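Listed here are the chains, written in short residue letters.
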Amino acid sequence: MSEDDRIAYLAGIADPRLSSEDTAEAQRLQRILTEKALWAEPDAGLEQRVVDLIGDAAGESPPDSGTASVSRIRASRPRRRRYTLLGIAAAVVLAVGLAVGISVAVSNSSSGATTFAATLSGTRLAPGASGKATLTQTTSGWRIHLDATGLPRLDNGRFYQAWLKNAAGTAIPIGTFNEGRNVMLWAGVPPSDYSTMTVTRQTAQGGPASSGQVVLVGPTRQVR
Amino acid sequence: MIRITIAGRFVHFSREPISPGTAYLVDGSESAAAGDWDVIRSSVTTVVMGDAEMAAEFAAGSADAVRAVYQAYGRLVYSVAFKVLGDASLAEDATQQAFLQAWRAAPSYDPARALGPWLATIARRAAIDVYRHTRRHEAHAGLESAEATLVSHPPSLDELYEIWEVRRAVDSLPGEDQEVIRLQHFAGMSHAEIAERLQIPVGTVKSRTFRAHRRLVNLLAHLRRGDASPAQLRPAGREVSPDE
C-alpha cells in the first residue's frame, strides 16, 4: 500500500483498501484530530498571568539571586494594584448604575458567548513578533483582545492597524494602536467569514488604506 | 531559542533570527529601526540557546525567558492540562501552576532531558492537583461534579504523548493547512462544506487537504518509525501513577 493511499484515506479523499495495521493507525490519528484538547486555545492573557505569577514568586523566594528582568516585574506590581483598585471602583460604579436602572449589556462578557481565537505569526517584516487574539461575540459586535509581543512601539504618526480579511481578500479595519500588548479592538464582521487576521504598519500620511506592510498574520478559529 | 543582543545589550529571545527590515527594542527603550540595519548589523549577536541554557534563564525568573518558554511550550502544556481536566478554565489554572512548579524545579532540571517533555510531565501532575483541589472544594460545598468520572482516571502518558506530538506537528503547519485539517476532523465538515466555508472550489479543498495531511504525516513520521516513545514524557526520577 502506497503512502499516497494512506494519506488519501486520512484526508477522506479516497477509500483504498488498507491493511488492518494501516487502518488502525490512520483511525488513531483521526481520533486524536477530533480531540478538543488538541485544538483548545488558551486565553490570550494567560502568558501575562504566567509571567506575573513567576515574577511574584521570584520576588518572594528567588531560586536565583535575581536579575534585572525580575526587578522589572517587581516594578510593575504597584501598577497592577492600581489597576485592581480602578477595577473595583469601576465595579462599584457599574453596580450603582444597574441599581438606578441603567441597562448594561452584561451579556457581552457571558462565558457562553461564541468565541474565536487567532494565533498570529510575525512576517518577514517582523520575524520576532507573535500574538494571540480572542474574538468574542457581543451584542454590539465582535470584541477582540489582542496581545502581541516583539513589535516595537510606533509613535509620531506611525501606528499599527489590525484587519479581518475574507477569502476574497476584502480587508475590514478593526482598529489602530501604538503598542501590541493588551489591545482591545472591535469588528462588525464575523470571524467565521473574515477568517484571517492581520496587523499592518501604517502612517497617518498614508491615508486609510492598508500600507501592505503586514507584520502579523494568522487564521481565526472557533473555540467556543 | 535564540538570544539576540545588539551592541552588547540584550534585546530579546526569539524563535527566529534577527533580520533586516525589522525594528527591535534595545533594553526596552531604544529602537533599532529598519533603516538603521547597515549601522547595527555589525553589532548584532545571536546565540542559539539549548534547552539547558533556556531553563537556566527561566530559573533566573527573567520575564523575557518566561515569555520565551511560554511561547514555545505554553500551548502544548495547556493541551495536556485540557486533556486531563476537560475544562478550559481549569486547564488555564493548571497551566499557570505547571509553569510555576517548573520554575521552582528549574534549578534541578536535568539538561540531558528535553525541556518540552519535562514540562509536559509537570503539566500532567499540576492538572491532577487542580482536579483534586476542585473536587475537594466541591465535596466540601456539598456539590458533586457531573464530570468527576471523566477525569477520575487521568489520561496515560501514552495518550498525552500522542496529543503532545500531534499538537506540535499541527502547530508547525501553515495556517491554511491547519484550517482544513481542523474543519475536516474537529468540526466534522465534508469537503463540500469546507469549500463553502472557505469560498473555494471543492477540488481546491481536496488538493489542499491532501497536501496538509501529507505534511502532517511527514511531521509525525518519527512516531511510525518508533524513534520516540512515551518514555520521553516520564520523569527522570519516579513514575507517577494515574491516581497518585
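Since we're looking at a predicted model, the values are computed, not measured.

S.K.: I tried to follow the overall build of chain A on my own but got confused; where do I start?
M.R.: Each helix and strand in chain A was counted, giving five helices and eight strands. Written out in order from the N terminus, the α and β elements of chain A read α-α-α-α-α-β-β-β-β-β-β-β-β. Out of the 224 residues in chain A, the part that is buried amounts to 43%. Long-range contacts, defined here as pairs at least 24 residues apart, represent 54% of the contacts in chain A between residues at least 6 apart. Surface accessibility of chain A: about 11,100 Å² in total, with carbon and sulfur atoms responsible for 53%.

S.K.: Please clarify how the environment of B:V217 should be interpreted in this entry.
M.R.: You can see B:V217 is positioned in helix 9 (residues 202–219). Residue classification places B:V217 among the buried residues on the basis of a relative accessible area of 13%. Put simply, B:V217 and B:V166 are 51 residues apart on the chain and 9.6 Å apart in space, counted from C-alpha to C-alpha. Filtering out sequence-adjacent residues up to four positions away, B:V217 remains in contact with A:E3, A:I7 and A:L10.

S.K.: Teacher, can you tell me more about helix 2 (residues 51–59) of chain B here?
M.R.: Residues separated by three or four positions in an α-helix point in the same direction, a consequence of the helix having 3.6 residues per turn. Along helix 2 of chain B, the residues classified as buried are B:M54, B:A55, B:E57, B:F58 and B:A59. Immediately beyond the C-terminal end of helix 2 of chain B, within one or two residues, lies B:G61, with a positive phi of roughly 85 degrees.

S.K.: Which parts of the structure should I look at to understand helix 3 (residues 63–85) of chain B?
M.R.: The end-to-end C-alpha separation of helix 3 of chain B is 28 Å, well short of the 33 Å expected for 23 residues at 1.5 Å each. Buried residues dominate helix 3 of chain B, accounting for 21 of its 23 residues.

S.K.: Is there a simple way to think about the nonpolar core in this case?
M.R.: For soluble globular proteins, nonpolar side chains are generally found buried alongside one another. In terms of nonpolar packing, the biggest core is built from 50 residues, with A:I54, B:F58, B:Y73, B:F99, B:L115, B:W118 and B:L119 touching the most fellow members. Those elements giving two or more residues to this core turn out to be helix 4 (46–60) of chain A together with helix 2, helix 3, helix 4 (88–105), helix 5 (115–140) and helix 6 (157–171) of chain B. Of all the elements, helix 3 of chain B adds the most residues to this core, at 16 residues. Not counting chain neighbours up to four residues away, the residues in contact with A:I54 comprise B:F58, B:V66, B:F99, B:L100 and B:W103.

S.K.: Looking at this structure, I do not really get the pattern of salt bridges. What am I missing?
M.R.: Note on pairing: side chains with opposite charge can pair once their charged atoms come close. This structure, assessed with the given rule, holds 24 salt bridges over all chains. With a closest N to O distance of 3.4 Å, A:E41 and B:R167 form a salt bridge. Of this pair, A:E41 sits in the loop between helix 3 (36–39) and helix 4 while B:R167 sits in helix 6, each in a different chain. Across the pair A:R49 and A:D43 runs a salt bridge whose closest N-O atoms are separated by 3.7 Å. According to the relative accessible area criterion, A:R49 is partly exposed, its value standing at 30%. In this structure, a network of salt bridges that share partners links the residues A:R28, A:R31, A:E35, B:K83 and B:E162.

Rules used in this analysis
Residues numbered from 1 in each chain as written. Chains lettered and ligands numbered in written order. Predicted model: local features only at pLDDT ≥ 70, side-chain atom pairs only at ≥ 80, totals over all residues. Heavy atoms only, no water. Helix = DSSP H or I, 4+ residues; strand = E, 2+ residues; numbered from the N terminus. Buried < 20%, exposed > 50% of the residue type's maximum accessible area, 1.4 Å probe, protein only. Contact = heavy atoms within 4.5 Å. Areas by Shrake-Rupley, 256 points an atom, 1.4 Å probe, with all protein chains shown as cover. Expected span 1.5 Å × (residues − 1). Core = buried A, V, L, I, M, F, W, Y, C linked by side-chain atoms within 4.5 Å. Salt bridge = Lys/Arg side-chain N within 4 Å of Asp/Glu carboxyl O.

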